[in-house]
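# Coordinate analysis (summary)
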Amino acid sequence: KKNKKEADKLLKKGKDIQAKANSQYQKVNEAEIKYNTSEIAFALEYEDIVKSDSAKLLAMEATSLFEQAVDIRKSANKEKSYEKSSALVNKAYQLELKAIKTQNYILSGELDGIEDENLEGDFVNSVKKEENEYTEQATDFRTLARKETDKDKKKKLLAEARKYELAGNTNRTKRMQEELKN
């Protein structure tokens, strides 16, 4: 009997810790999705995305995926069965990751056919640009891209601008680290 009570306590404690971890993942993913949404809007506004209609459709798809994930997480919170709740949380998490991946596809330049081995990883530009040598260089490349009439040259200039923007963006990394700490 005593061992059963101890086991039940440990299981409950484990479930509580898992629930907290799930909540943190949700917060980080939500922050990432919101941030990427603003980045896509920024890129569309400044014509940094060539295939803007496709980007808008994919952005809507990412938003829809995230909304589905929110609904599923709400269902998971109401679920009494731990196993069913965990399965729902995992499904929501997968949808959030798919939404982020879709957004990163837009922001990476892959949508526009920009393939560059140096553009791997996490792709976002800073909405509130930091002022440093890299972001200034990114601005210069974007200015050249807007004036360029050759589509291939324009894509290359935008890809170069993105690389410099990423190199100069320390705020995003700090923000994501803070989200993980909380």
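Structure: above.
Note that the structure is a prediction, hence the values are computed from the model and not measured. (Residues numbered from 1 in each chain as written. Predicted model: local features only at pLDDT ≥ 70, side-chain atom pairs only at ≥ 80, totals over all residues. Heavy atoms only, no water.)

### Some remarks on the overall build of the protein chain
Note the following rule: Think of it this way: any DSSP run of H or I at least four residues long counts as a helix, any run of E at least two long counts as a strand, and we number them from the N terminus. Remark: exposure states derive from per-residue accessible area (1.4 Å probe, protein chains only) relative to the maximum for the residue type, with buried under 20%, exposed over 50%, and partly exposed in between. Any two residues whose heavy atoms approach within 4.5 Å at even a single point are treated as in contact. To measure how exposed things are, a 1.4 Å probe is used in the Shrake-Rupley method; for residues, cover is taken only from the protein chains shown.
Secondary structure assignment for the protein chain yields 6 helices and 0 strands. Reading the protein chain from its N end, one meets helices and strands in the order α-α-α-α-α-α. Counting every position in the protein chain, which comprises 182 residues, the buried fraction comes to 34%. Relative to all contacts within the protein chain whose residues are 6 or more apart in sequence, the contacts with residues 24 or more apart total 74%. A total accessible area of about 11800 Å² is found for the protein chain, and carbon and sulfur atoms account for 51% of it.

### Observations concerning the pattern of salt bridges
Put simply, the rule reads: Throughout this description, the term salt bridge denotes a Lys or Arg side-chain nitrogen within 4 Å of a carboxyl oxygen of Asp or Glu.
Under the defined criterion, the tally for this structure stands at 4 salt bridges. The partner of Lys12 in a salt bridge is Asp16, and the shortest N-O contact between them spans 3.2 Å. Remark: Asp16 and Lys12 occur in helix H1 (residues 2-45); sequence separation between them is 4 residues, near one turn of the helix. What makes Lys12 exposed here is its relative accessible area of 52%. One salt bridge in this structure joins Glu96 and Arg73, with 2.8 Å as the shortest N-O distance. Of this pair, Glu96 sits in helix H3 (residues 82-108) while Arg73 sits in helix H2 (residues 52-78), and the two are 23 residues apart along the sequence. Per residue, the accessibility class of Glu96 equals that of Arg73, and both read buried.

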